[in-house]
Amino acid sequence: MDLLEQIAVAMQRGDSDTIGQLLRQALDNELAPKDILDNGLIAGMNVIGDRYKKHEIFLPEVLLAAKAMHVGMDILKPLFLKDEVPSRGRVVIGTVQGDIHDIGKNLVAIMLRGAGFEVIDLGNDVAPNKFIDTAVERNAKIIGMSALLTTTMPVMKKVIEQLKEKGLNGRIKTIIGGAPLSGEFAEHIGADAYGYDSVQAVDCIKKLVSGS
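These lines cover the structure that appears in this document, whether it is placed above or below.

Section: the pairing of strand β4 (residues 173–177)
Line of reasoning, step 1. By the criterion of burial, β4 is predominantly enclosed, with four of the five residues buried.
Line of reasoning, step 2. Of the pairings in the sheet, the one linking strand β3 (residues 142–146) to β4 comprises five bridges and is parallel in character. In the sheet register, M145 faces β4, and the bridge partner there is I176.
Line of reasoning, step 3. Crossover handedness for the path β3 to helix α7 (residues 153–165) to β4: right-handed.
Line of reasoning, step 4. Across three bridges, β4 lies against strand β5 (residues 193–195) in parallel orientation. Its bridge partner being in β5, G177 is matched across the sheet by G195.

A word on the layout of surface pockets
Line of reasoning, step 1. Each pocket or cavity is described by its volume, and for the second largest pocket that value is around 500 Å³.
Line of reasoning, step 2. If you go around the second largest pocket, you meet 28 residues; those closest to its centre are G104, K105, V108, S146 and G178.
Line of reasoning, step 3. Counting residues per element, the lining of the second largest pocket draws most heavily on helix α5 (residues 103–114), at five residues.
Line of reasoning, step 4. Looking at the lining of the second largest pocket, its residues break down into 16 nonpolar, nine polar and three charged.

What counts, and at which threshold
- Residues numbered from 1 in each chain as written.
- Predicted model: local features only at pLDDT ≥ 70, side-chain atom pairs only at ≥ 80, totals over all residues.
- Heavy atoms only, no water.
- Buried < 20%, exposed > 50% of the residue type's maximum accessible area, 1.4 Å probe, protein only.
- Helix = DSSP H or I, 4+ residues; strand = E, 2+ residues; numbered from the N terminus.
- Pairing = 2+ DSSP bridges.
- Right-handed = clockwise from strand over helix to strand, strands pointing away.
- 1 Å grid on protein atoms, 1.4 Å probe; cavity = no way out; pocket = protein on both sides within 12 Å on 5 of 7 lines; lining within 4 Å.
- Points joined across faces, edges and corners; volume = space filled by probe spheres on them.
- Nonpolar A, V, L, I, M, F, W, Y, C, P; charged D, E, K, R; others polar.

Note that all results are geometric; they support no functional claim without further evidence.
What follows is the structure, given as structure tokens:
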């Protein structure tokens, strides 16, 4: 088993200590940071996402893998900045105004980072203009909105309406998610996608970024 395969396996185990050791070894062997990310860390996280989707593992295992991913990214990030290695895209996410539930949103952020995206997490109780202003300032292509309370769902529509008013609805795509939501609701308010769980949300965002 080569080093990249070892990194992927350690990611699946959520073994943060081993990840740190293997990454330093890979860099000492002059492996490219992007190869380490794509064929080691992300390859392992993709397996985690697939197994979670199939209910073969559960949230604790995902969180362990996420912790290992953070360890790996802390080591690689300075090298990416130096080499100007691009991320897969930049995503602004948050729980909409009036809603403070963020477990699902946090899991989506973890999975997105694991898939190689740069995530700007605005937290919870986020006003419509905050989503839009941040996306414009940070040149993000995607806004992801979460809600658990039915009373806060209309805030999502306000964000989409404001994007249209500013002429940004083609440039910035939107995805929504949360227990009370549905694909029909997403279509009704004009959202570009609906994610029914964290893994599917990441798949949708990959498609939105690639334009497929």
